[in-house]
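Reading the structure
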Amino acid sequence: MFWFCVFIAVILTAILAVQIYWVFVMQKAQKQYLQEAKENGRPTMWDVREVLKEGDRDLAVQLYCEIFSIEDIERARKEVDELGRSLNL
């Protein structure tokens, strides 16, 4: 019974280590993506947020379409409006 508990503890520790590793990998990937986007001049969701805060919803929708390669303007407008509501704008 003792060895079974040790085995379970080792397995759970390994699972926790893998999850922590993936958190760090994902954070690094996000930072790298944002850095590449800034270097290449591509818009990001931060740009959409800033444009929404300034009050220009049409430009925010265009940026959103460019970021996610969406051709359905109504869908993009709906998602940008939801983003605006979540930001309390």
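Here the structure is shown first, and the text comes after it.
First, a word on what this report is: a plain description of the structure on this page. (Residues numbered from 1 in each chain as written. Predicted model: local features only at pLDDT ≥ 70, side-chain atom pairs only at ≥ 80, totals over all residues. Heavy atoms only, no water.)

**Observations regarding the pattern of salt bridges**
Counted by the stated rule, this structure contains four salt bridges. With its nearest N and O atoms 3.1 Å apart, the salt bridge here joins R75 to E79. In this pair, R75 and E79 are both assigned in helix α4 (residues 73-86), four residues apart and thus about one turn of the helix distant. (Salt bridge = Lys/Arg side-chain N within 4 Å of Asp/Glu carboxyl O. Helix = DSSP H or I, 4+ residues; strand = E, 2+ residues; numbered from the N terminus.)

**Concerning the environment of A14**
Tracing the backbone through its elements, the reader meets A14 in helix α1 (residues 2-40). What makes A14 partly exposed here is its relative accessible area of 39%. With 22 residues separating them along the chain, A14 and E36 place their C-alpha atoms 33 Å apart. (Buried < 20%, exposed > 50% of the residue type's maximum accessible area, 1.4 Å probe, protein only.)

**Considerations on unusual backbone geometry**
A positive phi angle, near 50 degrees, is found at S69, a position not held by glycine. Among the structural elements, S69 can be located in the loop between α3 (57-68) and α4. Under the relative-accessibility criterion, S69 is labelled exposed at 63%.

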